[in-house]
Amino acid sequence: MKTTCTAPGKIYLFGEHAVVYGEPAIACAVELRTRVRVKSSKEISISSDIGTTGLDFELHPYVSSAIQKLGSPDVSIEITSEIPVGSGLGSSAAVTVATLSAINIECGLGYDKDKIAKTAHEIEKEVQGAASPTDTFVSTFGGVIEIPSRKKLEILDCGIVIGNTNKGASPKKTAKLVKQVAQLKEDFPDSINPIIKTIGSFARHGEIMVAQKKYQALGKLMNVNHGLLDALGVCTMELSALVYAARNAGAYGAKLTGAGGGGCMAALTDSPFEVASAIEKAGGTAIITKFTSDGVLQE
Ligand code: PMV
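Figured I'd write up the structure that's included with this text. (Residues numbered from 1 in each chain as written. Predicted model: local features only at pLDDT ≥ 70, side-chain atom pairs only at ≥ 80, totals over all residues. Heavy atoms only, no water.)

1. Notes on helix H2 (residues 91-106)
The following threshold applies: Helix and strand assignments come from DSSP, with helices taken as H or I runs of at least 4 residues and strands as E runs of at least 2, each series counted from the N terminus. Here, expected helix span is obtained from the residue count minus one, scaled by 1.5 Å. For every residue, the accessible area obtained with a 1.4 Å probe (protein chains only) is divided by the maximum for its type, and the residue is called buried under 20%, exposed over 50%, and partly exposed between those limits.
For H2, with 16 residues, the first-to-last C-alpha span of 22 Å sits near the 22 Å given by 1.5 Å per residue. With 15 of 16 residues buried, H2 is to be regarded as a mostly interior element.

This is the structure we're talking about:
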């Protein structure tokens, strides 16, 4: 027997960093997937782009933790992924969710999706020290999700292009940037707290605009959200170059996504090829993708 599951990555439409302080955010699953194939075997093995290992908490920390959490069954695991690693698109959540789901099915453990999402969040916290439940929840359930309510909003009926700066990718980046914003907030609370609150207001407006399909207006607020993330010190020159290139090519709006400090930006658009070409000309790698209501799936 063998089981294959895939789980999607995500982008933030609004609210990264502010969500750490209890403000609402909107995150969307995108059709970039990590595929995990599980087979019963004589011993545990994990194969990915990195190489083949046994349980290895250095090289394959998320997958090793997932196997261990499920009682260390003897399985061989093969991983392939369309999601750039450590770039703000939720690659670690996707591999964790897909691994848990595939082992769950292969070994008949009877976990439901709530338990998969909860276990994946525990694993992210253990491996990273801290993690919000956003990535693991969105990767498990798919769709456009308001955080912290976990309300599912309507899928956006327009295109999305992701631009990867190919700089600053690192799984440790999120913790560093969250700390950096916390320090700024502590140093200048009366200046920084209103910025955090304003970012929270975008998700509240965003929920209505998503329902009304007002993508032009959504894009405008994404642009303002990008500006405020820049104000918080998490943007880079490379990210802004891709953001401006996308806007100049006619995107409704564009902003960095995730923790920042490099990694990826996302643009909302109805002319994805023009926007993708502008991102490439500005030095990034463009990925044309789409929003998806599908979370983890068995193939
Ligand atoms: O870069 P990512 O995809 O891990 O997103 C981080 C989002 C933050 O709001 C900065 C942190 C968090 O845990 O919500």
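2. Some details on the packing of aromatic side chains
The geometry of an aromatic ring pair is captured by two quantities: the separation of the ring centres and the angle between the planes. The condition is simple: Working definition: rings of Phe, Tyr and Trp (its six-membered ring) pair if their centres are within 6.5 Å, and the pair is stacked with planes under 30 degrees apart, edge-to-face with planes over 60 apart, and tilted otherwise. Counting as a charge over the ring demands two things of the Lys NZ or Arg CZ atom: a distance within 6 Å of the ring centre and an angle within 35 degrees of the ring normal.
Enumeration according to the criterion identifies 3 aromatic pairs in this entry. An angle of 45° between the planes, with centres 6.2 Å apart, marks the rings of Phe 14 and Phe 202 as tilted. With a gap of 188 residues between them, Phe 14 in strand E1 (residues 2-14) and Phe 202 in helix H6 (residues 189-211) connect regions that are remote in the sequence. Phe 14 sits in the buried class, given a relative accessible area of 0%. Between the NZ or CZ atom of Arg 247 and the centre of the ring of Tyr 244, over which it lies, the distance is 5.0 Å.

3. Some points on the site of the ligand
Which entries qualify depends on this criterion: Here a residue is near a molecule or strand as soon as one of its heavy atoms is found within 4 Å of it. Here a polar contact means two N or O atoms within 3.5 Å. Within protein one must be a hydrogen donor candidate and the other an acceptor candidate, and residues neighboring in sequence count only if both atoms are side-chain atoms. Note on areas: these come from Shrake-Rupley sampling with a 1.4 Å probe, and a residue is covered only by the protein chains present in the view. In this classification, Asp, Glu, Lys and Arg are treated as charged, Ala, Val, Leu, Ile, Met, Phe, Trp, Tyr, Cys and Pro as nonpolar, and every other residue, Gly included, as polar.
By nearness alone, 13 residues border the ligand, and Lys 10, His 17, Ser 132, Thr 174 and Ala 259 come closest of all. Here His 17 contributes a backbone N or O atom positioned 2.8 Å from an oxygen atom of the ligand. In this structure, an oxygen atom belonging to the ligand sits 2.8 Å away from a main-chain N or O atom of Ala 259. Compared with its free state, where it exposes 380 Å², the ligand has 88% of that area covered by protein. Mapped by element, the contributors of at least two residues to the shell around the ligand are E1 and helix H5 (173-187). When the residues that make up the shell around the ligand are grouped by side-chain class, the tally is 5 nonpolar, 5 polar and 3 charged.

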